[in-house]
Structures are given as structure tokens and as C-alpha cells.
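Residue-level listing of the chains:
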Amino acid sequence: MKLLFTLLIVLFSFITGLLHAQTTVSGVVLDSKKNPIPGANIYLDGTYDGTTSTMDGTFSFTTEETGTQKLLVSYIAFVTYEYVAEVSQMNKLTIILKEEINTLTGVTLTAGTFEAGDNAKVTALKPLDIVTTAGAVGDVVGALQTLPGTSTVSEDGRLFVRGGEADETQIFIDGVRVFTPYNASPNNSPTRGRYSPFLFNGTTFSTGGYSAEYGEALSSVLLLSTINEPDQERTDISIMSLGAGLGNTQIFGKNSVSVNLGYMNLRPYLELFPDRNEWDKPYQIGSGEAVYRHKFTNGLLKFYSAFDYTNFAVKQRDINYENRTSFELTNQNFYNNISYKGSLKNDWILSTGAGLSYSKNKYDIYTDMAEGIDQQNISYHLKVDLKKRFNKHLKLNTGVEYFSSNYDQDYENDNNIAYATKVTKELPVTFAETDIFFTNNLALKAGIRGSYDSVSDRFLLAPRTSLAYKTGTNSQVSLAYGDFYQTVSDNYLQYAGSLKPQRAQHYIANYQYVKGGQIFRSELYYKNYADLVKYSGDEAAFNSTYNNNGYGYASGLDIFWRDEKTFKNMDYWVSYSYMDTKRDYRNYEAEVMPSFAADHNFSLVTKYWIESLKSQFGFTYSFTSGRPYDDPNSNQFMAGKTKSYNNLGLNWSYLIDQQKILFISFTNPLGFKNVSGYQYADAPNSNGIYERMTVRPNADSFVFIGFFWTISNDKKTNQLDNL
Amino acid sequence: MKQVIAFLALFISMSSIAQSTYEKGMNKGFKLWGEGKSLEASNVFERISNVEKENWIPLYYVAQINILDGFTIKEKTELELKLEKVKTALDKAKALSPNNPELMVLEALYNTVWIAFDGATYGMTLGAPTTEIYKKALELAPDNPRVVYCYAEWNMGMASYFGKDTTPYCQEVKKAIELFSTFKNETPFYPSWGKDRAEQIYNSCNK
């Protein structure tokens, strides 16, 4: 027994002795260009033994471990290096660390895209910018019009991108199409986006060359994502010069509900500041929105529902009639969007959504006769999308979707003419796209979109691809190409019956430089249009003939510069677009520049925060060179050009206290007399001359005052991020 | 019997070696940190966390060191990389020790680094969630001095940003200072920082 005990003691001291026998592990850590990496963590796996590399990349430490061990060398943004060998062999090692394919520092596929959101790597616009841009007055679309690639069409208000018509831009909420994104508005009054920016925390605006996941848009897509999880329960009250709003968010367990109600009426404002219209019924809009969210263990369900009702009756001047013509519109719009996003087995991510839209317009028009038009549109979009990141090099995105649209119109006038038209469109689509990151400096996106167009009974294939190469730590170049199809609008199809989808091809070259608080982007593009709709007659009517023989092109240069670093508390951005575009479509006599396009577009947006005044001041200036119009007195088609457009927006947000904000916005305070175009008489006068009338904005200037009050538990949140 | 004693002795001496290795390692990390070698210190704690796979404490210090470093960084990419490290460590630690108020404090400080870096971008999006984190931590551990003091400092920061009176939070800081002297946790190397800073703030309150 004693013997055993002694043996054990001996054995034990032998072990401890072994533990104290030291070996030195040493070497140097370098990157692939043989530059030393200081600060790397070098250690034997599963032990406490290790060290940190010094300034020249060298390291040395002693260990009591023996035999075969695993040496690990790790450093952030590099692939961890493993070396298995006898400890005694681990000296004077040269270790080369490979750069990790890294989403933080690597190349990004960005051609044509502006992102605003927390997750976007390069954010040209921040979520807040959508709503703090002076002149935009809280309109998502208004803020985007300060980005290059867009043209200001002041009498319309919708997004016109790179020589495309407004309906060539499609808007998606949580991946699901919005069928009627704009509010109804009278002639010559800019419309606004229907959906309040309060609900969104991410915006991606692509001016071309976008992913195969999106289609039915010849020019551009705007992707909005709703807030995933509200952080707290709150009530928002807004009192504005135009109306009032009330919002409330409740959270219960894994569920939350947000409700927004709003009502606006222009009557009081118009009493104070009459505009060029005679209003029989001033513009009024009542709207309600609700979002319900439910969190599952592996996913999130969102149910968004919105309803609004718009009504107005207005008398406007028309060169063809001695008296003002009257126009009354009642619009009812109902939109539902249900989406689920969650992770499945094997790292697949499933996104699925359904959008249902019901829109009803009732027009009562009186010129020299009374006309009544009833339009009704019921549309839906279903989508299932699967994404997977196989490894750091390969991502896949694939899915199927289905668009369906049913349009009905009833027309009636007091000359006893009445007819009904109807358009049904069905469009099944499938798409697949892959992102390949070859290295941290080179990436490729390649995708294809296949669809069946029920209107023309055609199968369409649209390839999309983009390539990005990082030229330096802060800069990269990208190239993109894509084919885009869009079904012809209901306005034509209701009379034409069957027409081919219109087609566009995009070629884009982009250079981007991003460095701490400064972004520079320039983008050259060429866009080719084919199969555009042409028709005969003065307007697209039931007796016109229709074909797909239209064509056109747009090319140009877009430049964007944002700087929030140079001046303290000040943030500004500058956009400039040069565009050369012509098209022969509609009832055009020749290939000319269309009336919504301009050679030059410029915007300057600045924001300045003055701490002592607890105020943010905003200033926006926009300039658009003259736009073409057709003068029937001249032989040349569309040869006239309006004078250039100038606008200034000022705003002031004043933080009364942590939960109360006063917001004042003044558009065009200098009273620039802008001209949207000219309306010529349908027939010449007795001297054989077509008389004309200048089309001006309904109001030159606009003032908005609002008071916003938030009531929340923590008494700190306010609606500053809503302004 | 003697055999048993011998084995026990062996076992105890072996395990005491292991114990002391942990202590030695942790102390080495604190020593380096004290000398201003935060990168080396963070590496030491990271190595320890690689061995002590069930222990959240070394990960806590990896996160804390890199958060404190983060406050001094002015370059976005550099900060992103640094905070990526913090996030990885915090996520691992939270998995080992869910609902840990000490880790919640670090999570709130992680958000605060972003806000300090660019208030216009991150203040609006991270402000309210940070308050929520503190509220939850306070619910779980109303007597934890770091929770009380950090929440008070956060509130003071918000109040001064909005030009409000910060003195109402002085009482909270005072309460935290009292809690620092009574707070006990037997876990070795359990976080114990904060008292000096709390006293500093409290002193400036009375000026």
C-alpha cells in the first residue's frame, strides 16, 4: 500500500514536472501582401497559452503543453488560421492570414441602387432623411426627388426616372406590389405618396439594373419595408394646418398593433391663401392604417391594412372652353398586405406575401357636356421567395409570383353615349438569382426572370446581371445590364384588346467612393426602349388604332455627393443629372424629347442642427431646365421649351421639449413663377392661330405648420423621426 | 483508505491547478488592461473563453474592453469591425447566461457607442430600444449598482441632449453609490466596476 502511495506521489510529481517543461512557440503573422498583422491572437487550442502579435507581426510564447497541438491564429476580418503539429515544431513559423469574405468591408452589388436603412452598408439617405428633407413635407416620393436620376415634374408629383414615364416605376411594400401608390389629385396639383413614412424603416430606391426579383417596371423600383418590432407603446397626436392625425401602438407579448388615423381638409387653408382653382368642394382625405405583427420563434408575421377616401370638386380654366370646366373625383382605396418572413431548416429563409388592392374612382366632369366615369380596379399579387446563403461566396434567391388585375370602366355622357370596358391581366412569374463573391474585391450577381403574359399570350425571359469590383479601400466600380418588361397600361388595353408588353434594356456603369461621412457616386447609363404603345388620334380613345411600334432611348450621367463631415452639425447633399432622351410613342409625329423630360436636374439639400435653439433647419433648392412642349403653330413637333423651373423649400423643426415638436415648412418663399407647360386650343382662331394658355402650378407657394406630440412610457420618444 | 485519500489529494491538487490557471489567466488579462494594452487583454480573455466554454465572465470582458475602445474610434469601418467583435462576444455570453442584467448593461453600452459615434443616424433608431434594455435590466435586478448607475447616466445624457434638467437623476446615482457598497456576488471575477465614475458624476451633480 505504501508502495502504491509512493508511486502515486512520484507519478504526480512527474506529471507536474512535465507541466513545467516549457517549449517556445514563435513566428510572424502576415497578410497576403506580406504586410505584418499586429494584434492577432495566437494560441494553442483548448489551453490558456498564447499571445498577441506585436507591431512587426512577430510573436513568441512559452507553453508547458507537449505532443501534437492545434495552433490557432485569429484576427478580425481574416479567416482563422489552424496549424496542427508537434509543439516542438512550432517555432519560427510564418503565418499568412487570408482576408475573410466580409460583408462589412467587402465589395457590394450596388449599381443603380440607393438605400436608406440601418442595415444598408452604404446609405445614401438615412431613414430620417425621407422625412426631414425640406420641401418634401413628409412625402416619401418628394424626398426621393432630390436624388439623381429623377426628373422634377412639378405639376404631377410622381417619380419620373431616367427618361421613363411615372408608371414605369413600381412601389413594393415588404416585397409585395402596391397597385395604386399615389393619392388622387386634381390636374396641375402634385400628388403625394399614399403611404405615410411613419411606417417604414427601410427604403431601397433603384434607378435601374435592379434584381430579377422585381419586374413589371421599365425604369425603377422603390422598395419599402415596414418596421419589424415597435420598441414601445406610444400615442402620437398631430395637429396640422391641414388636418389632424392620431396614432397608437400597443404591445402584448409576441404581438403588437399600430393604428394611424388621419384627416385632412384644405378648406381653411384655401380660405386664407386662395389658389388658381375655384373649389366647389375643397380637397379632403380621410385615411386609416393598421399593422398587426406577431413574432414566432423563427419568423415574423405582418398584416398591414390601409383604407382611404378622397373627395374634391374643382373648377379649372381650359383654353377650349369659355367657362371653367368642372371636375369632381371621389376615390376609395383599400389595400391589404400580409407577409411572413422566417427561417427554415438548413438556413433557408422564406419570405412570402400577398397584396390585395381595391380601388374605386368616380369622376363627374363638365366641359360643354356632362360626363360620368366609374372605374374599378381589383388586383392582387402573391409571392413566395426562398433565399439561402450557402457560404461566404454564394447566395441564392429564387421564387415564384403571380400578378392579377381586373379593371372595369363605365363611361356615360349626356349625349347618350355610354360604354363599358374591361381589362383582365394575369401574369405568373418565376425568378432565380445568385450572388457570387469571388474575393472581397470582386462580386457578380446573375439572375433571370421568366413570365407568361396572358394579354399577348407570350412567354418572356428577362436576364439581369451586375458585376462589382473594389478598386481601393473606399472605392468601387460596378457594371450592370438588364432586360425589363412591363404590361401595357389599362388605359390602352381597355380599347386595344391585345398588345405586347413594353420593353427596356439598361446598361449601367457606376463609380462609388465612400469614406467616413462622405459619399460620391457617379453613374453613366444607356437605356433602350422597344415595343412602346402608339395610337392614332388626339387622345387614346375607343376609336383609335393601337400598335407596339413605339421606341426610344435615354442616356445620361447622374452625380451624387453627400457630406456630413466637413461642417459641424451640418449635413448636405448635391445631386445633378444630365439626360439625353427621345422617344416616338403615343401619338407622336417623330422621335422627340417627351414633355416630362429635362436636360438638367439639380438639387441641393442641407440640414443644420443648432443645439442652443434645439432646432433643425432645412433648406432645399431644386432646379430643372426647360421641358419640351408642342406648339401647333410651328411646323416642328415638340420644339418649344418652357423656361427653367426653380424651387426652394425651407423648414424648421423646433423641439419644445422631449415629446413636443413644432414644425414649420415653407415651399417657394421667394415666389418663383414656375411654368409647367402650355395648353393650346384644339382649333385655330379666326386668324388661323392656335391660342395658348400658360399652365402654372395651382399655388406658387405653400406653408405648412404642424404640432406633434408623443405620449410614451419613457417620456423621451418624440416624432422628430417622423418629420 | 489511504488510496482514497491519495486519489482525492491528486484530484484536489489537479483541480486546484486548473482553478489557479483560470485565476492566473484572468489576472493576466486585467494586468494587461491596467497597463493600457487593451488589445492584448481582449485577446487573453478571448483565449480563456475558448477554454472555459460554459463561463460568460471572460466573454463579458472581451465585450467591455472593445466597447470602451469603441468610444474613441472616429472611423466607421474600424468601429464596425470593433463592434462586430463586441456583438459576437455578447451573443455568446447571452446564450450561456440568459437574462443577465450585467450583459444587458453592456448591450445598452454597445448601442450607446453607435449613438455617440453618429447621433443623427443611430440616436433615433437605437435610443428607444436602449431605454427598453435598461428598463428590463432594472426589473430583473433593481439592486444592481451598475444597472442603476448606467441607466441614470443614460437618462442624464438624453436630458442634456434635449436641454433638460439632469439633476432629477442625481438621486439615482446616489442610490447606485450606496448599492455599490452593499452589492455582493460570489462568482469569481464578477463585474465590479462603476463606483468611481458614479461618484465622479455625483460630485459634479452638487456643483
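For every chain, the first residue of the written sequence is number 1, and numbering continues from 1 onward in sequence order. Following the order in which they are written, the chains are lettered starting with A and the ligands numbered starting with 1. Only residues with pLDDT of at least 70 get local features here, since the model is predicted, and only at 80 or more are side-chain atom pairs given and counted; chain-wide, interface and lining totals rely on the full set of residues.

**Observations regarding the overall build of chain B**
So, step 1. Every helix listed is a DSSP run of H or I at least four residues long, and every strand listed is a run of E at least two residues long, numbered separately from the N terminus. Tallying secondary structure elements over chain B gives nine helices and zero strands in all.
So, step 2. Along chain B, helices (α) and strands (β) appear in the sequence α-α-α-α-α-α-α-α-α when read from the amino end.
So, step 3. Considering chain B as a whole, with its 207 residues, one finds that 39% of them fall into the buried category.
So, step 4. Relative to all contacts within chain B whose residues are 6 or more apart in sequence, the contacts with residues 24 or more apart total 55%. Exposure classes come from backbone-placed C-beta atoms, where a residue is buried if 20 or more other C-beta atoms lie within 10 Å of its own, exposed if 12 or fewer do, and partly exposed in between. What counts as a contact is two residues whose backbone-derived C-beta atoms lie within 7 Å of each other.

**Some words on the confidence of the model for chain B**
Residues and elements named next belong to chain B.
So, step 1. Residue-level confidence of the predictor is what pLDDT reports, using numbers from 0 through 100. Here chain B averages 86 in pLDDT, while 89% of its residues score no lower than 70.
So, step 2. Across chain B, helix α3 (residues 57-70) holds the top mean pLDDT of 95, while helix α1 (residues 2-34) sits lowest at 70.
So, step 3. Overall, residues 11-16 carries pLDDT values under 50, and its contacts beyond four positions in sequence, including any with other chains, amount to zero contacts.
So, step 4. In the model output, the complex is listed with pTM 0.80 alongside ipTM 0.83.

**Focus on the pairing of strand β32 (residues 600-610) of chain A**
Residues and elements named next belong to chain A.
So, step 1. Two strands form a pair only when DSSP identifies at least two bridges running between them. The pairing of strand β31 (residues 570-584) with β32 spans nine bridges and is antiparallel. Each residue of the ladder has a partner; that of Tyr578, found in β32, is His600.
So, step 2. Pairing of β32 with strand β33 (residues 615-624) involves 10 bridges; the strand directions are antiparallel. For Lys607, the partnering residue across the bridge sits in β33 and is Gly618.
So, step 3. Taking the residues that link successive antiparallel strands as the turn, the β32-β33 hairpin has four residues, and the phi of Lys614 there is positive, at about 50 degrees.

**Focus on helix α5 (residues 101-117) of chain B**
So, step 1. Take the residue count of a helix, subtract one, and multiply by 1.5 Å to get its expected span. Helix length check: α5(B), at 17 residues, gives a terminal C-alpha distance of 24 Å against a target of 24 Å (1.5 Å per residue), a fit within 8%.
So, step 2. Within α5(B), 14 of the 17 residues are buried, which leaves the element mostly enclosed by the surrounding structure.

**Observations regarding the packing of helix α2 (residues 38-51) of chain B against α3(B)**
Residue and element names in this part refer to chain B.
So, step 1. Convention adopted: a line fitted to C-alpha atoms gives each axis, helices being fitted over their contacting stretch, and angles between N-to-C directions are expressed from 0 to 180 degrees. Two numbers describe how α2 lies on α3: the axes approach to 8 Å, and their chain directions differ by 155 degrees. The angle between α2 and α3 falls in the class roughly antiparallel. Where α2 crosses over α3, the two elements pack in a sense that is left-handed. Side by side, α2 and α3 meet where Ser38, Ala41, Ser42, Phe45, Glu46, Ile48 and Ser49 of the first sit next to Pro58, Leu59, Tyr61, Val62, Ile65, Asn66 and Asp69 of the second.
So, step 2. When residue character is reported, Ala, Val, Leu, Ile, Met, Phe, Trp, Tyr, Cys and Pro are called nonpolar, Asp, Glu, Lys and Arg charged, and the others, Gly included, polar. Within the contact of α2 with α3, the residues separate by chemical class into eight nonpolar, four polar and two charged. Each angle gets one of four labels, with under 35 degrees taken as roughly parallel, over 145 as roughly antiparallel, 65 to 115 as roughly perpendicular, and the rest as oblique. We call a crossing left-handed when the near helix sits turned anticlockwise from the far one by less than a right angle, and right-handed when that turn is clockwise.

**Comments concerning the domain arrangement of chain A**
So, step 1. Looking at chain A, the domain boundaries give domain 1 (19-97) and domain 2 (113-722).
So, step 2. Note that domain bounds follow an automatic or database assignment of domains. A C-alpha centroid distance of 56 Å is found between domain 1 of chain A and domain 2 of chain A.

**Description of the sheet that holds strand β4 (residues 58-63) of chain A**
All names here are of chain A.
So, step 1. Across the sheet, three strands lie side by side as β4-β1-β7; this open sheet has mixed pairing. Two strands lie at the open edges of the sheet, namely β4 and β7 (93-97), each paired on one side alone. This sheet shows a mean twist of 30 degrees between the axes of neighbouring strands, independent of strand direction.
So, step 2. Examined bridge by bridge, strand β1 (residues 23-31) and β7 share five bridges and lie parallel to one another. Of the residues in β7, the one forming a bridge with Val29 is Ile95.

**Details of the sheet that holds strand β5 (residues 68-74) of chain A**
Each strand in a sheet pairs with its neighbour through backbone hydrogen bonds, running either in the same direction (parallel) or in the opposite one (antiparallel).
Residues and elements named next belong to chain A.
So, step 1. A sheet is described by the order of its strands in space; here four strands give the open sequence β3-β2-β5-β6, paired in antiparallel fashion. At either margin of the open sheet sits one strand with a lone partner, and together these are β3 (50-52) and β6 (81-86). This sheet shows a mean twist of 15 degrees between the axes of neighbouring strands, independent of strand direction.
So, step 2. Pairing geometry for strand β2 (residues 41-44) and β5, over four bridges, is antiparallel. Paired with Leu44 across the strands is Leu71, a residue of β5.

**Observations concerning the domain arrangement of chain B**
All names here are of chain B.
So, step 1. Taken domain by domain, chain B comprises domain 1 (31-118) and domain 2 (142-207).
So, step 2. Here the C-alpha centre of domain 2 lies 21 Å away from the C-alpha centre of domain 1.
So, step 3. Contacts between the two partners involve seven residues from domain 1, matched on the other side by seven residues from domain 2.
So, step 4. Residue assignment for the side of domain 1 that touches domain 2 shows that the elements contributing at least two residues are α3 and α5.
So, step 5. Considering every element that reaches the side of domain 1 that touches domain 2, the biggest residue donor is α5, with five residues.

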